[in-house]
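Listed below, chain by chain, are the residues.
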Amino acid sequence: MDEGLRLEGLRIAQGQRPLVALDLAVAPGTVASVMGPSGAGKSTLLAAVMGTLGAPFDLRGRVVLGGRDVTALPPERRGIGILFQDDLLFPHLSLGENLAFGLSRRLRGRAARQAAVEDALEEAGLGGMAGRDPATLSGGERLRAALMRTLLAEPRALLLDEPFASLDQDRRARMRRLVFDRARARGLPVLMVTHDPADAEAAGGPVVRIGDD
Ligand SMILES: Nc1ncnc2c1ncn2[C@@H]1O[C@H](COP(=O)(O)OP(=O)(O)OP(=O)(O)O)[C@@H](O)[C@H]1O
């Protein structure tokens, strides 16, 4: 049984200073929100879940994904995807090539890989745009492409670090609907860092606050 993402007794400290203390279960297809003031440790928490946290931080507790303790695994073996606000597409590759870069190595054969990229573009409302230069896309289009590039790697959990922050209200609502829908369709547990209560409300999952809000 896939139990989603669990953070068990997670404690992050910076020297003597405790920064984050958290216990949280995010079920498959659920979006949990992490809120807190600037400097509270939200991005640091995501780094701990990804496995990229290093000095000067000290980490205790466990990250459990699909029932498996992944705390000791390096980031590339955890199977966790992350989307940032300023997620960059490679400027020297076409949109399609950028997405192909995310493709799971499990998918073999040129035609199958091309079809997967085209399906992903379609799924993100970017159908027929595989040949486009990323520089000619709008910010929202680039973000949708970055989402699909992340999902094409077939992660088992998705982390969001304020990915909607640069979008206006309308685009923000549409983008978060796309992200949440696509994650739910894949049964992914999602952990989202946000400053916007509307994001947390739209997510509908558990909301945790860290730092002195
Ligand atoms: N590499 C580092 N070395 C030393 N201190 C760091 C490092 N990275 C982050 N910090 C500190 O750790 C604390 C948490 O930072 P973090 O970026 O996680 O906060 P945040 O909640 O994501 O903030 P924001 O909402 O502004 O993005 C801050 O006090 C920050 O200055």
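Please read all numbers here as calculations on a predicted model, not as lab measurements. (Residues numbered from 1 in each chain as written. Predicted model: local features only at pLDDT ≥ 70, side-chain atom pairs only at ≥ 80, totals over all residues.)

**Overview of the site of the ligand**
Taken together, Gln14, Gly36, Ser38, Gly39, Ala40, Gly41, Lys42, Ser43, Thr44 and Pro56 make up the full set of residues adjacent to the ligand. It is helix H1 (residues 42-50) that provides the largest number of residues to the shell around the ligand, a total of three residues. Counted by class, the shell around the ligand contains two nonpolar, seven polar and one charged residues. (Near = placed C-beta within 6 Å. Helix = DSSP H or I, 4+ residues; strand = E, 2+ residues; numbered from the N terminus. Nonpolar A, V, L, I, M, F, W, Y, C, P; charged D, E, K, R; others polar.)

**With respect to helix H5 (residues 169-185)**
The first and last C-alpha atoms of H5 sit 24 Å apart over 17 residues, in line with the 24 Å expected at 1.5 Å per residue. Those residues of H5 that are buried are in contact with strand E3 (31-35), helix H3 (110-123), helix H4 (139-152), strand E7 (157-161), strand E8 (190-193) and helix H6 (197-203). Trailing H5 by a residue or two, glycine 187 shows a phi angle of about 65 degrees, which is positive. (Expected span 1.5 Å × (residues − 1). Contact = placed C-beta atoms within 7 Å.)

**Points about the environment of alanine 165**
Tracing the backbone shows alanine 165 in the loop between E7 and H5. According to the C-beta neighbour criterion, alanine 165 is partly exposed, with 15 such atoms within 10 Å. For the pair formed by alanine 165 and arginine 78, sequence separation is 87 residues and the distance between their alpha carbons is 26 Å. (Buried ≥ 20, exposed ≤ 12 C-beta atoms within 10 Å, placed from the backbone.)

**What about unusual backbone geometry?**
Among all residues save glycine, negative phi is the norm, and among peptide bonds the norm is trans. With omega at 5 degrees, the peptide bond leading from alanine 55 into proline 56 counts as cis. With respect to the helices and strands, the residue proline 56 is situated in the loop between H1 and strand E4 (57-65). Although it is not a glycine, glutamate 162 sits at a positive phi angle of roughly 50 degrees. Relative to the helices and strands, glutamate 162 is located in the loop between E7 and H5.

**Quick look at the environment of arginine 176**
Looking at where arginine 176 falls in the secondary structure, it is placed in helix H5. A count of 22 C-beta atoms within 10 Å places arginine 176 in the buried class. Note: C-alpha distance between arginine 176 and arginine 144 (32 residues apart in sequence) is 10.0 Å. In contact with arginine 176, other than residues within four places in its own chain, are Phe164, Asp199 and Ala202.

**A few points about the UniProt feature "domain: ABC transporter" (unreviewed entry) in the protein chain**
When the UniProt feature table is mapped onto this chain, "domain: ABC transporter" (unreviewed entry) is found at residues 5-210. Helix makes up 33% of residues 5-210 and strand 27%, whereas the separation of the span's terminal C-alpha atoms amounts to 18 Å. (UniProt positions renumbered as here; feature names shortened; annotations may be inferred.)

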